[in-house]
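# Commentary on secondary and tertiary structure
Listed here are the chains, written in short residue letters.
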Amino acid sequence: MFGKLKDKLKGWFVSSKEKIEEDAEVVETGEVETEEVETEGVERDTDNLKQDKKSESQEESELKESVEDTKKEIREKEAELEKVDEMIRKARDEPSEHVPKRFDTAKRGYEPDLEKIQEEAEGIKKEVEEARKKEKDIKEFEKEIEKVKGEDIPEVPVKFEVGKQKFDPDLEEIKSKTGLFSKVRARFAYKISEEEFNEIFEDLEMLLLENNVALEAVEEIRKILEKRLVGKEIKRDKLEEEIKNELKNTLNEILIEPDNPLDIIKISEKPFKILFFGINGTGKTTSIAKVASFLKKAGFSVVLAAGDTFRAASIEQISEHADMLGVKLIKQDYGTDPAAVGFDAVKYAEKHKIDVVLIDTAGRMHTKANLMSEMDKIVRVVKPNLKIFVAESIAGNDAVEQAKTFHEEIGMDGMILTKADIDDKGGTVISVSHATRKPIFYLGVGQKYDDLELFNKQKFIDGLLG
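Quick summary incoming for the structure in this document. (Residues numbered from 1 in each chain as written. Predicted model: local features only at pLDDT ≥ 70, side-chain atom pairs only at ≥ 80, totals over all residues. Heavy atoms only, no water.)

What follows covers the overall build of the chain. Looking only at helices and strands, the chain has 17 helices and 15 strands in total. Put simply, the chain has 466 residues, and 44% of those count as buried. Partitioning the intrachain contacts of the chain with sequence separation of at least 6 by distance along the chain shows that 78% fall at a separation of at least 24. (Helix = DSSP H or I, 4+ residues; strand = E, 2+ residues; numbered from the N terminus. Buried < 20%, exposed > 50% of the residue type's maximum accessible area, 1.4 Å probe, protein only. Contact = heavy atoms within 4.5 Å.)

Cis geometry is adopted by the peptide bond preceding P271, which originates at K270 and carries an omega value of 0 degrees. Within the secondary structure layout, P271 lies in the loop between α10 (261-267) and β8 (272-277). Phi at K383 is positive, roughly 55 degrees, even though this residue is not glycine. With respect to the secondary-structure elements, K383 resides in the loop between α14 (369-382) and β12 (386-392). For K383, a relative accessible area of 58% corresponds to the exposed category. Its identity as a non-glycine residue notwithstanding, R437 has a phi of 55 degrees, on the positive side. If you trace the backbone, R437 turns up in the loop between α16 (427-436) and β14 (440-444). By relative accessible area, R437 is classed as partly exposed at 43%.

Right, let's get into the packing of helix α8 (residues 215-229) against helix α9 (residues 239-254). Between α8 and α9, the least distance of the axes is 9 Å, while the angle of their chain directions is 130 degrees. In terms of orientation, α8 lies oblique with respect to α9. By crossing handedness, the relation of α8 to α9 is classed as right-handed. Of the residues in α9, those in contact with A217, E220, I221, I224, L225, R228 and L229 of α8 are E246, L247, N249, T250, L251, E253 and I254. Tallied by class, the residues present in the contact of α8 with α9 amount to 8 nonpolar, 2 polar and 4 charged. (Axes fitted to C-alpha atoms, helices over the stretch in contact; angles between N-to-C directions. Parallel < 35°, antiparallel > 145°, perpendicular 65-115°, else oblique. Left-handed = near helix turned anticlockwise from the far one by under 90°. Nonpolar A, V, L, I, M, F, W, Y, C, P; charged D, E, K, R; others polar.)

Let us look at helix α15 (residues 397-409). For α15, built from 13 residues, the straight-helix expectation of 18 Å at 1.5 Å per residue is met to within 8% by its first-to-last C-alpha distance of 19 Å. Among all positions of α15, only A399, V400, Q402, A403, T405 and F406 are buried. (Expected span 1.5 Å × (residues − 1).)

The next thing to look at is the pairing of strand β9 (residues 302-305). Burial of β9 is two-sided: the residues V302 and L304 facing one way and the residues V303 and A305 facing the other way are all buried. Sheet topology note: the β9/strand β11 (residues 356-359) ladder contains 4 bridges and is parallel. Across the sheet, A305 pairs through a bridge with I359, a residue of β11. In the sheet, β9 pairs with strand β10 (residues 328-330) via 3 bridges, with the strands oriented parallel. Residue pairing in the sheet places A305 in a bridge with I330 of β10. Handedness of the β-α-β unit built from β9, helix α12 (residues 314-325) and β10 comes out right-handed. (Pairing = 2+ DSSP bridges. Right-handed = clockwise from strand over helix to strand, strands pointing away.)

Turning next to the side chain of N211. Within the secondary structure, N211 sits in the loop between α7 (194-210) and α8. The buried category is assigned to N211, whose relative accessible area is 0%. A polar contact of 2.7 Å, which involves the side chain of N211, links it to the backbone oxygen of L207. Excluding residues that lie within four positions of it along the chain, N211 makes contacts with K4, L5, K8, D424, K425, G426 and G427. (Polar contact = N/O pair within 3.5 Å; in protein donor to acceptor, adjacent residues only side chain to side chain.)

This part is about the nonpolar core. L9, W12, L204, L247 and F460 are the most contacted members of the largest nonpolar core, which has 70 residues in total. With 29 residues, the next largest nonpolar core counts F276, F300, A306 and A322 among its residues. (Core = buried A, V, L, I, M, F, W, Y, C linked by side-chain atoms within 4.5 Å.)

Our focus in this paragraph is the pattern of salt bridges. Tallied over the full model, the rule gives 17 salt bridges. Between D203 and K19 there is a salt bridge whose closest N-O contact spans 2.5 Å. Pair noted here: D203 is in helix α7 and K19 is in helix α1 (residues 3-23), with a separation of 184 residues, a long-range link. For K238, the salt bridge identified is with E241, shortest N-O distance 4.0 Å. Of the residues examined, K238 reaches a relative accessible area of 35% and is grouped as partly exposed. Three or more residues joined by partner-sharing salt bridges are found here, namely R228, K232, E242, E246 and E253. (Salt bridge = Lys/Arg side-chain N within 4 Å of Asp/Glu carboxyl O.)

Look at helix α11 (residues 284-297): 20 Å from first C-alpha to last across 14 residues, which is about the 20 Å you get at 1.5 Å a residue. The element α11 is extensively covered by neighbouring structure, given that 11 of its 14 residues are classed as buried. Those residues of α11 not exposed but buried are K284, T285, T286, S287, I288, A289, K290, V291, A292, S293 and L295. Immediately beyond the C-terminal end of α11, within one or two residues, lies G299, with a positive phi of roughly 95 degrees.

Burial along β11 is two-sided: V356 and L358 facing one way and V357 and I359 facing the other are all buried. In terms of strand pairing, β8 meets β11 through 4 bridges, oriented parallel. Looking at β11, one finds that L275 is bridged to I359.

Relative to the assigned elements, K387 resides in strand β12. Of the side chains with opposite charge, D413 comes closest to the buried, unpaired K387, at an N-O distance of 5.0 Å. Among the polar contacts listed, one links the side chain of K387 to the backbone oxygen of I410, at a separation of 3.1 Å. Of note is the side chain of K387, whose polar atom sits 2.9 Å from the backbone oxygen of G411. (Lys, Arg positive; Asp, Glu negative; His and termini not counted.)

These figures come from the coordinates and say nothing about function on their own.
Given below as structure tokens:
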């Protein structure tokens, strides 16, 4: 489920990290990271250890050389990249012997292998980017060298080893001290500005909209995520992880964690009445059958009400489910007032001490005022304990508009999203929860009666973001 959105988000985390590394201000966190000292098998004498320790000027000189080497490496890679680009252009116009080729069966001859050439170009581009990052890191390191210039470098601590009759490095003392590298390698952090946040969020906004997240929900995500990221100092080695965590926290604020309907039914007076509604074709009747099966396995007795007295063959459809599940169905003729069918089912449940009444209704477009008023009548007569809206996970913004209208007219308590198993986007889950501020109770994940999952907010978020 939701594979397309997962992959897009994964790519966004990487690209956001790269943009922030390139543009964000680098600050010191005030924390010091000390070098680990290897204590095992050290047999060097004091003179050798002192020779190994480099002076500040030597470090500075080597850094400058490193920067120049990196610049040279970048120039070489860019030149190489230009050659590959030229190779691609020539390959299209005038193939040569030196260009990678592949055999084209349709043309019965060799053609330039543009994919391979492009792949080589992409590899070189990555090398150029890595070299540029290296150059940036070295420059930052060089700045820190300047900060500690002139500070005293502690002498190498030594102690007299009686058994060896000579002075050896005092390893315990060395471990307790902070040398040049621990000063200049004080932990760095990136501080994200509003401008940098806007730049990375533009990409996130586009991929969310493309994956069925409604504009209102995207704007809410922006608002929350901006508060969490702008001005925050994030350690360099935790950058991608922190962006991911803050997006997780943002989705946690937007999505509603549902109560388990089974727990609600257990503590409620019986019969417990559940009304199902939604537009035609969303899998409403099948979802009712799945819930009936779910309740029976949990030990509850169930009666169904064939409240869809409008759609042809609807009564036959729910009758077939009732027979397969072995539950009682209350039904009347087509054209009968659906509120009356629901009323009869409740009375039957009261008389026979049935735990739960599941009431089907005719699918209706949310834009039809007369049908919506009929639904309001059913609610007044039956007085359901739970009103559940059924929509397709793959419906995107249509599902959001339906949910908002039904909620405004009838007041839903929660939702079932069907066809979640074939939804590779996942945005509807976020959008309907944000639009109604109501929980998703279940996800339909197949056609069998057992293919009904209790929605778990944390599982959904972790599944998307890893």
